[in-house]
Every structure is written in structure tokens, then in C-alpha cells.
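Understanding the architecture of this molecule
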Amino acid sequence: MNIVLGVSGGIAAYKAPELVRRLRDAGADVRVILTPNAARFVSPLSLAAVSNHGVIVEQWGDAGHGGVDHIELARWAELLFIAPATANVIAKLTAGIADDALTTYALAHRAELVIAPAMNTFMLAHPTVQQNIETLRARGAGIIEPVNGLLACGEEGAGKMPDVPLLVEHIRGHFASRDLDGKSVLVTAGPTREPLDPVRYLSNRSSGKMGYALAEAARRRGANVTLVTGPTALPAPAGVALTRVTTAAEMHAAVLAAAPHHQIVIKAAAVADFAAANVADQKIKKSESSDELTLRLVKNPDILADVARVSPRPFIVAFAAETEAVEEQARAKLQRKGADLIVANDVADRTIGFDSDQNEALVIAKDGEVTRLAKAGKLAIANRVLDIVVGRLAR
Ligand code: PMT
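Residues numbered from 1 in each chain as written. Predicted model: local features only at pLDDT ≥ 70, side-chain atom pairs only at ≥ 80, totals over all residues. Heavy atoms only, no water.

1. With respect to the pattern of salt bridges
Inspection of every chain in the model, using the stated rule, returns 29 salt bridges. A salt bridge links Arg200 to Asp197; the shortest N-O distance between them is 2.6 Å. Owing to a relative accessible area of 35%, Arg200 belongs among the partly exposed residues under this scheme. On the basis of relative accessible area, Asp197 is assigned to the buried category, the value being 4%. For Asp357, the salt bridge goes to Lys209, with nearest N and O atoms at 3.1 Å. With Asp357 in the loop between strand 17 (341–346) and strand 18 (358–365) and Lys209 in helix 10 (residues 209–220), this residue pair connects regions lying 148 residues apart in the sequence. (Salt bridge = Lys/Arg side-chain N within 4 Å of Asp/Glu carboxyl O. Buried < 20%, exposed > 50% of the residue type's maximum accessible area, 1.4 Å probe, protein only. Helix = DSSP H or I, 4+ residues; strand = E, 2+ residues; numbered from the N terminus.)

2. Regarding the packing of helix 1 (residues 16–25) against helix 3 (residues 44–51)
Where helix 1 meets helix 3, the axes come as close as 9 Å, and the angle between the chain directions of the two elements is 10 degrees. The angle between helix 1 and helix 3 falls in the class roughly parallel. Contact with helix 1, carried on its side by Ala16, Pro17, Val20 and Arg24, involves Ser46, Leu47, Val50 and Ser51 of helix 3 and no other residues of that element. Residue composition of the contact of helix 1 with helix 3, grouped by class: five nonpolar, two polar and one charged. (Axes fitted to C-alpha atoms, helices over the stretch in contact; angles between N-to-C directions. Parallel < 35°, antiparallel > 145°, perpendicular 65-115°, else oblique. Contact = heavy atoms within 4.5 Å. Nonpolar A, V, L, I, M, F, W, Y, C, P; charged D, E, K, R; others polar.)

3. Concerning the domain arrangement of the chain
Structurally, the chain comprises domain 1 (2–174) and domain 2 (184–280 + 291–393). Distance between the C-alpha centres of domain 1 and domain 2: 33 Å. Across the interface of domain 1 and domain 2, roughly 790 Å² is buried in total on both sides, 60% from carbon and sulfur atoms. When the buried area of domain 1 at its contact with domain 2 is split by residue, Arg137, Leu166 and Glu169 rank highest and sum to 50% of it. (Domains from an automatic or database assignment. Buried area = accessible area lost by both parts, 1.4 Å probe.)

Structure below.
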């Protein structure tokens, strides 16, 4: 894979040499373009040493790399990856401004673009920045979402560039084989919300990240993907047919309507097992006479069990969120739900599973074969799960 790595001027630029090294370890040939501001954070010389190529900084005048060499580079590149992408460079990409080597190259670049925005939390939340990111996403750019953490400015919040192994995993995904070409994959993601009254609901901590990563990985591998999602804060993934639902009953209807047209169904959603027997028309009031409130709940439909009865029956991947006896519980669930595979995660571990960027799982097939997936980013886990699905479909 031929990658042009663009580095713009944020503190995360210090990760660029490590990023180049890891991308090369993954088999990439990497040419680096630095903005002049990035060159204040990271030395062109280090990047030249780790990439084994000259580094472009000046728009005009780097010996042998100025002017029309952008065109030559664009013929060679399979991906432009900008990490970190500052608010400034994102704005220039959106508007087509070409006032340095990187943004000039970006206009000549013809293949895929992926950016890893990184900046102060409030800058990231600024409507202009958000609008620019959405514009790039709508044009087909891949966006590696910034993560929460302590930022260089001392503030805590979203805006941090993910660690290098996670970035590399994303990039690997862009070069994944198209082994799902011609297949239709239905993925469910996120929580469901079961209303109690007009302002309250029962739900869970699912962020949707696992399901969205599966949808993204399947799309990159060539599948036609339908994503049925409960309420999440995640942006709509590009190139995926999206159906938004709120309750388990709505998810049931959407999944059952779509399932007959899909060869693979992956149920990563955390569906509420129960809903209120009666949803109050008005806000439930505190009673003066009692310190207790009793809610009557009724079981929601088991979506997976109904998908297993669909004709033609798709290949079914269930998930199991367990807090104890993970393997045992997951095996029982696999049987009960009539799935082909179950992906079990230990949700008692707060570093994985619900609302984490990482996961770790045990994949159990209905013939009893077990595969352990070590802790990794959710996109990496998604790709490992799909590897197993593809392997099983080929048997
Ligand atoms: O969304 P994230 O923050 O990224 O977190 C990911 C995750 C922890 C939610 C995900 O990895 C996961 O484990 N998803 C399944 C959660 C869950 O509801 O597990 P369960 O053991 O309760 O259900 C087992 C399976 O039955 C699941 O595939 C579920 O989608 C399905 N189910 C459950 C209830 C129901 N009424 N119908 C269903 O189809």
C-alpha cells in the first residue's frame, strides 16, 4: 500500500515518526508531507529517516519535490492519510485552499482520503469545524474519530488523536481484501430505549461503537451493508443504508423486514429485554404517600430467535454481553438463540465492551470451535469476527 501521510501542526504531530514506523511494519510505503507548522512539532529529518524517503515541507523549493511532483506523487498514492488533521487543515480541505505543500497535494490527490482530526475540545465542538468534518465525510473521506482524554492544553474531553496502533488498524482496514463483495450484511448496533412516560426511558450503556465498526469493516470488505441502529451519538457511516429505531419493537420490525434480503445478520445491539407494560401518557408523578414506585415490565420480542426462522435463513452472528461465567453463558445463549456464531464479551471489564473504543471477545461457533480475540480496537475486533464469518461461509 502506498500512503502519503500528511502531518499538520498540532501537538499530536509528535506521534508521526512512530506512525510511519508502524505503517511500514504493516507493509506500507510511506511518503510524508509536513505543513510548516507541523515541522515546528516534529523534525523532517526524523521522518525522512523512518520513512526512508525525502520529506516534503516547502510548497516550492524542496529539491526535486516542489511543483508538479505533486502530480507524480498523486499517481503513486493509494491513500492520503492526514494525522493529525488540525481545524485549519480541515477547513482548507473543505474549501479547496492550497497554500502549502500538503493542501496543494490534497487537491491533486485522486485516491481515498482519511483524516484523524485532533484539537482542543471546544475547537472540535465548534459548529464550523463540525460542519467541515461532515462535509468531508459526505464527500467520502474516512474520519477517524478523536477520543476522550487529557489534552495538551490541559483540558479533558474529546479531541485527542487515537493511539498509533488504533490508527494503523484503521488504515489496514482500508486495504482489506474485498472478500465480502456481492454479499449483503445486516448489522444492528446501539441500545434500545423503552419509554416509561413522555420524558423517561429504560436503556443501557451501549454506545453503538461495536456495531458501527462491524458495519464499517463489512462495507470496506465489499459488502452491501444495512445498519439498524438504536439511539447513539455516532455519525452516520458513509456508504451504509441506515435505519434508525428507538425501541426493541421497532428494531424487531426493521430487522425482520430486512433479514430475508441479507446473507449475514450480525446482532451487536444491546436490546432491552423488557419494556413497560403501559407507557404513561403524562409524566409519572412522585407520590406523597409512598416512597416506592412499582413498574410492570413485559418481555420484548427476541429478535435473534425470530431471525433464525427467516427463510432463506441468513448466517447469524449473535453477541453475548456477560458479567460472569462468560463462556458458559455464551454457549447456552448460542444454543437458545439458534445462531451460527456468538461473540461473547465480558462487560464487567470497564476497559472493553460497553462504550469503550476497545473490545476483547470469545467467538464460539455452533460446532463448538472457540476463537479468542485479544484486546484491540473495535474495528480490529470487527475484522477478526468477519474473518471467521468469511471462513465459515467458505466451508
Ligand atoms: O455498543 P458498544 O458501546 O460498542 O458496546 C458493545 C456491546 C457490549 C453492546 C456489544 O459488544 C454486545 O455485547 N452486544 C450485545 C449486547 C446484548 O444485548 O447482549 P445479550 O446477551 O443481552 O443478548 C444476546 C443477543 O441477543 C445479542 O446479539 C442481542 O442483540 C440479541 N437480542 C437480545 C434481546 C432481544 N430481545 N433480542 C435480541 O435479538
